[in-house]
Amino acid sequence: MIKIDLHSHTHYSDGHLSPQELIDRAHNMQVDVLAITDHDTVDSISEAMDYQAQQKRQLQIVPGVEISTSWHNFDIHILGLNVDFKDDVFLKRLGEQSARREDRALQIDAKLCKAGVEGIYAQAKILAGKGQITRAHFARAMVNKGVVKDMESVFKKYLGKGKRAHVKPQWIEIAEAISWIHDAGGKAVLAHPGHYDMTTKWLRRLLQEFADAKGDGMEVIHSHLSPERKKLLLELALQHDLNGSAGSDFHYPNRWTELGRNLKLPEDLKPIWHDWHIAAAV
């Protein structure tokens, strides 16, 4: 059985590993197909593919991205899988997202300074390195500086909704993200629907609108899902005729998430990769 993981991150967004380190870990975990899906950027893809070309063990890299969108005051993430990561129009559009992300980071820093927490933006930029700055980088910088004890506390006190340094993002709408992905030749997949902080009623509404906007699939398998949640996601996927996808949402080595771990799709669900060239081998 081929091991497929269609959701992972590098240090080009909020992952901790370089593209090379991510590939090495995928080999160690015996992953056969890996989608790299950094937030609003495809900058890691060429680097990862160049590195994999030098390896003896086979690994198919699926070029991807995780696009941030806004929906009824929820931040909803849409994966673009098998996108043309060199398409000029797609790159321009992602560049606009990056600009929005940088502007938000500056606003967050201004609010932190007003709250008496200074110098965090500079440290967050160092942590981000060549990648995009995210709230996770702010959180890590604040923990490192001793402002709070852990990442969870950062969001509870400063960066979460309604907190002192929260800045509402100005992301695009779901339908626009789906259009971008389709224009780049990719499949649009709703990322980790089981993790959004919403009621089942709102989740059903989200899936309806995602399907109406011509989304292609949804993650029905991702980390930390209860059996009841898995059953609900399968029901929603079948109800809206959405293909199934599975991804670890891997960011760094830890005891909760791992590349390729426990990602088998239910047999009665058509996989998002059913028409890719790997389908016959799966």
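The following paragraphs examine the structure supplied in this document. Being a predicted model, the structure only gives us computed values, none of them experimental. (Residues numbered from 1 in each chain as written. Predicted model: local features only at pLDDT ≥ 70, side-chain atom pairs only at ≥ 80, totals over all residues. Heavy atoms only, no water.)

**Overview of the pairing of strand S6 (residues 217-221)**
Phase 1: Counting buried positions along S6 yields 5 of 5 residues, so the element is predominantly enclosed.
Phase 2: Sheet topology note: the strand S5 (residues 187-190)/S6 ladder contains 2 bridges and is parallel. In the strand pairing of S6, Val189 is matched with Gly217.
Phase 3: Note: S6 against strand S7 (residues 243-246), 4 bridges, orientation parallel. Following the sheet pairing, Ile221 is matched in S7 by Ala246.
Phase 4: Of the crossover connections in this fold, the one passing from S6 over helix H9 (residues 227-239) to the parallel S7 is right-handed. (Buried < 20%, exposed > 50% of the residue type's maximum accessible area, 1.4 Å probe, protein only. Helix = DSSP H or I, 4+ residues; strand = E, 2+ residues; numbered from the N terminus. Pairing = 2+ DSSP bridges. Right-handed = clockwise from strand over helix to strand, strands pointing away.)

**Things to note about the nonpolar core**
Phase 1: Counting 68 residues, the largest nonpolar core has Leu6 and Ile76 as its most contacted members.
Phase 2: Judged by nonpolar contacts, the second largest core, of 20 residues, contains Ala105, Val117, Ala141 and Val154. (Core = buried A, V, L, I, M, F, W, Y, C linked by side-chain atoms within 4.5 Å.)

**Section: the packing of aromatic side chains**
Phase 1: Under the criterion given, the structure shown has 3 aromatic pairs.
Phase 2: Centre to centre, the rings of Trp71 and Trp202 are 5.6 Å apart; their planes meet at 85 degrees, and the pair counts as edge-to-face. Here Trp202 lies in helix H8 (residues 200-212) and Trp71 lies in strand S3 (residues 60-71), a separation of 131 residues in the sequence.
Phase 3: With relative accessibility at 6%, the residue Trp71 sits in the buried group.
Phase 4: An aromatic cluster is defined as three or more aromatic residues linked by ring pairs; in this entry it consists of Trp71, Phe74 and Trp202. (Phe/Tyr/Trp six-rings, centres within 6.5 Å; stacked < 30°, edge-to-face > 60°.)

**Considering the packing of helix H4 (residues 120-128) against helix H5 (residues 135-145)**
Phase 1: The contact between H4 and H5 brings their axes to 8 Å, and the two run at 115 degrees. Relative to H5, H4 is oriented roughly perpendicular. Seen from above, H4 lies across H5 with right-handed handedness. Contacts from Ile120, Tyr121, Gln123, Ala124, Leu127 and Ala128 in H4 reach His137, Phe138, Arg140, Ala141, Met142, Asn144 and Lys145 in H5. (Axes fitted to C-alpha atoms, helices over the stretch in contact; angles between N-to-C directions. Parallel < 35°, antiparallel > 145°, perpendicular 65-115°, else oblique. Left-handed = near helix turned anticlockwise from the far one by under 90°. Contact = heavy atoms within 4.5 Å.)

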